[in-house]
Amino acid sequence: RWAALILPIRSAQAALKSVPLDETLSPSRCLFVLARSPGILSSLRRRAAPPFPVQVQVESLVALQSFEDPTSLAVLRKALQSSEPLVSIAAAWTIGMRRISGLSADLTQRVRSGKDSHGVAAWALVQVDGVAAWPRVQAVVRAALEAPPGPDGEREAGEVRAGLSAWIIGGLGRKELR
């Protein structure tokens, strides 16, 4: 079991050692090199699901957004449906950052299900579909912006939803939203 965790790390170390010393290793250059390391993407895809701890899943999903990898779609789709809020939020964020149009229907389903408690799936849907997403996210955005402040925990979540709603509207541009 430990070999599955260690082999991709050794592969990445070997890949980084292959970079000539006169090259600057910026974070983007490191990602470029690591993306070509055997085992890195498969390791990230594997760690983005149970039985790995939630924090490992979240970090793996966030790391996947750095790679143009069509084989990650199934992993992202499954993570978006996770009952763990942090996992589904990370999956939605990754889909939005990469603007993966193949998962637009999954994002729409998440928004309409009422399980998008932080509004990240709605934000991702706007990133993917642009203005065409407005009819699908309109109710969520209006509810978040019009919700009265609740108790401390609810108030904080409400502020996050309102903030994301503002980003959604900003992402749509100056188009009249009615």
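Because the structure is predicted, anything quoted here is derived from the model rather than measured.

### As for the overall build of the protein
Phase 1: When helices and strands are tallied, the protein shows 10 helices and zero strands.
Phase 2: Residue burial in the protein is summarised as follows: out of 178 residues, 39% are buried.
Phase 3: Of the contacts made within the protein by residues no fewer than 6 positions apart, 59% connect residues no fewer than 24 positions apart.

### Describing unusual backbone geometry
Phase 1: That bond from Pro-50 to Pro-51 is cis: its omega, 15°, falls within 30 degrees of zero.
Phase 2: When you line up the elements, Pro-51 lands in the loop between helix H3 (40-47) and helix H4 (54-64).
Phase 3: Positioned with a positive phi, Arg-99 is a non-glycine residue whose angle comes to about 50°.
Phase 4: Along the chain, Arg-99 turns up in the loop between helix H6 (85-98) and helix H7 (104-113).

### Thoughts on the side chain of Asp-116
Phase 1: Mapped onto the secondary structure, Asp-116 falls in the loop between H7 and helix H8 (120-129).
Phase 2: Of the buried charged residues, Asp-116 lacks a salt bridge, with Arg-110 as the closest side chain of opposite charge at 5.4 Å.
Phase 3: At a separation of 3.1 Å, a polar atom in the side chain of Asp-116 contacts the main-chain amide nitrogen of Val-120.
Phase 4: Contacts of Asp-116, omitting those with residues within four sequence positions, involve Arg-110, Val-111, Ala-121 and Ala-122.

### Description of the nonpolar core
Phase 1: Grouped together as the largest cluster of nonpolar side chains are 36 residues, with contacts concentrated most on Leu-61, Ala-92, Ile-95, Leu-107, Val-137 and Ile-168.
Phase 2: Elements with a minimum of two residues in this core: H3, H4, helix H5 (73-80), H6, H7, H8, helix H9 (134-146) and helix H10 (152-172).

### Some thoughts on the pattern of salt bridges
Phase 1: For the structure on display, the rule yields three salt bridges.
Phase 2: Among the salt bridges present, the one from Arg-77 reaches Asp-106, with a minimum N-O distance of 3.0 Å. A residue pair is termed long-range when its members are at least 10 positions apart, and Arg-77 in helix H5 and Asp-106 in helix H7 qualify at 29 residues.
Phase 3: Overall, Arg-77 belongs to the partly exposed group, its relative accessible area being 32%.
Phase 4: Judged by relative accessible area, Asp-106 falls into the buried class, the value being 12%.
Phase 5: The shortest N-O distance in the salt bridge between Arg-136 and Asp-129 comes to 2.9 Å.
Phase 6: Taking the relative accessible area as the measure of exposure, Asp-129 reaches 23% and is therefore partly exposed.

### Describing the confidence of the model for the protein
For any part of a model where pLDDT is low, the fine detail of the predicted coordinates should not be relied upon.
Phase 1: Per-chain confidence: the protein averages 77 in pLDDT, with 70% of residues scoring 70 or above.
Phase 2: Confidence drops under a pLDDT of 50 for residues 174-178, and excluding neighbours within four residues, the segment shows eight contacts in the predicted structure.

The rules behind these values
Residues numbered from 1 in each chain as written. Predicted model: local features only at pLDDT ≥ 70, side-chain atom pairs only at ≥ 80, totals over all residues. Heavy atoms only, no water. Helix = DSSP H or I, 4+ residues; strand = E, 2+ residues; numbered from the N terminus. Buried < 20%, exposed > 50% of the residue type's maximum accessible area, 1.4 Å probe, protein only. Contact = heavy atoms within 4.5 Å. Lys, Arg positive; Asp, Glu negative; His and termini not counted. Salt bridge = Lys/Arg side-chain N within 4 Å of Asp/Glu carboxyl O. Polar contact = N/O pair within 3.5 Å; in protein donor to acceptor, adjacent residues only side chain to side chain. Core = buried A, V, L, I, M, F, W, Y, C linked by side-chain atoms within 4.5 Å. pLDDT = per-residue confidence, 0-100.

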